[in-house]
Amino acid sequence: MLYVYLGLVLLLAIGIIWNMFREKDILKQLDAALVLVPLILRLLLIK
Amino acid sequence: MQIHTKHYRISAAILIALAAVVCVLLSTQFLSMREEEPIYPGEGVTQTRMLSDWYPAIRGTAGDTEVYVLQGAADGDSMLVLGGTHPNEPSGLLSAVMLIENAKMETGTLYIIPRTNNSAFTCTDPQEGTPMRFHISTPEGERWFRFGSRATNPIHQWPDPEIYVHASSGQRLSGSETRNINRSYPGRTDGNFTESISYAITQLIQQEGVDITIDLHEASPEYPTINAVVAHEDAMELASWALLGMQMEGMDIALEPSPKNLHGLTHRELGDYTDTLAVLMETANASQGRLRGKTDERLIVEGKDKFYVRAAQYGRLYVPFDENGHPLSERVARHTTGILQFAQAYNDLGLGTIQITGMPTFVEMQTDLGPYLIPKAKN
Ligand SMILES: [Zn+2]
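These numbers come from a predicted model, not from an experiment. (Residues numbered from 1 in each chain as written. Chains lettered and ligands numbered in written order. Predicted model: local features only at pLDDT ≥ 70, side-chain atom pairs only at ≥ 80, totals over all residues.)

A tally of helices and strands in chain B yields nine helices and 13 strands. A compact globule built from 379 residues would reach a C-alpha radius of gyration of about 21 Å, and chain B, at 22 Å, matches this within 12%. Overall, the C-alpha framework of chain B stretches about 85 × 50 × 45 Å when taken along its three principal axes. When each of the 379 residues of chain B is scored for burial, the buried share is 51%. (Helix = DSSP H or I, 4+ residues; strand = E, 2+ residues; numbered from the N terminus. Rg over C-alpha atoms; globule rule 2.2 N^0.38 Å. Buried ≥ 20, exposed ≤ 12 C-beta atoms within 10 Å, placed from the backbone.)

Below you can see the structure in the form of structure tokens.
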């Protein structure tokens, strides 16, 4: 079950990074970068 | 507001790199919670075992934890002390450490688990702003201990369900309680991570025939069950007798029966599912309370808080609370004295023999824990 959820987190993180390279508004890019932090920490099972 | 840039790909790369740096900085902090505080077994400890000895399926998991065994020269009965059921209630861990480092058994066997929910020591509760560590000064330097979370670290058990259904009773609680080990007893083999740990503890009690189990807790000063013993109905006589002993030591303490319809707790399920006499003790911890002010190490160790003083003046608390607060030394003195009084009551009532020696007196501990927590060289 844990790995299913981690898979979803990974998918979301990839989607966010993908979109960051398409987004032209730097503030929205910043928002996305902030959202990435908890996703990465959970993906690595750190927090 | 929008700020468009022509170099949006470069800014994206820079921001991702910054996010990575933030992740590294945060990781070092979060991972520091996985380092265990040193415990220096005293000469009374005859064996250090792992909880997985009683339920091998948890071996190597974050829930496996040390069980310190103090076996007396003479055969007798046995007692299990659970510290760190809730690692945000530090007097449980500290009382267990005091016993491991000082107690000796004349008769009978004492089992001590200082970190009952070992996983919950590896994180703090979100949005509480609690420090990760606190320090106790001893004549030979400072010791550090972790201030953890009430529940299992979500990285060891995730995600939470919407509703937590307690397996053997069907009781329904909020989803986050699924990681609260003191709602998971007696545990089960095909359940979640937390249930496997409580199952291991139930196995220890059954396989060793543990006669008394004492679960150490703390509560917010505004919580009604505080400075109290909660006892399973089978342990009521023992608890009443022990309570008299505690009161003779000068402790103001109350006795409450374990509610029959509140499931998953040690004093209910261990009493129902095993032959142990199951009790739980609570002290007053301002650092987990809702009314507390600045939350730092001092609040944990000294237990002083001006907002609680005011709440007491308004008559809103269930314990007296003045400028002196409720320091950790007092809370540990209460727990350890309670444990000694349970052993004494057990002997006095003719139920068997459990003789614990080597512990400082209530007043000595209340004054300063430092002299009894001197770090020793690890061998
Ligand atoms: Zn508790």
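From this point, the discussion proceeds with the structure in view.
Bringing the interface of chain B and chain A into the picture now. Facing 22 residues of chain B, the contacting portion of chain A comprises 20 residues. Residue composition of the side of chain B that touches chain A, grouped by class: 16 nonpolar, five polar and one charged. (Contact = placed C-beta atoms within 7 Å. Nonpolar A, V, L, I, M, F, W, Y, C, P; charged D, E, K, R; others polar.)

So, on to the pairing of strand β3 (residues 74-82) of chain B. Relative to strand β4 (residues 104-113) of chain B, β3(B) runs parallel, the two being bridged by six bridges. Note on β4(B): the bridge partner recorded for A74(B) is T107(B). (Pairing = 2+ DSSP bridges.)

The subject of this paragraph is the nonpolar core. Within soluble globular proteins, side chains that are nonpolar tend to cluster in buried spots. With 86 residues, the main nonpolar core has V81(B), I214(B), V279(B) and F342(B) as its most contacted residues. The residues touching I214(B), leaving out its near neighbours within four places in the chain, are M79(B), V81(B), L82(B), V279(B), M281(B), I339(B) and F342(B). The next biggest cluster of nonpolar side chains, apart from the first, holds five residues, and it includes L36(A), I40(A), A19(B) and C23(B). (Core = buried A, V, L, I, M, F, W, Y, C linked by C-beta atoms within 7 Å.)

What follows covers the pairing of β4(B). Residues and elements named next belong to chain B. The buried count for β4 comes to seven of 10 residues, which makes it a mostly enclosed element. Relative to β4, strand β2 (residues 66-71) runs antiparallel, the two being bridged by four bridges. Opposite Y68, over in β4, you have I112 as the bridge partner. With three bridges joining them, β4 and strand β13 (residues 355-357) adopt antiparallel strand pairing. For M105, the partnering residue across the bridge sits in β13 and is I356.

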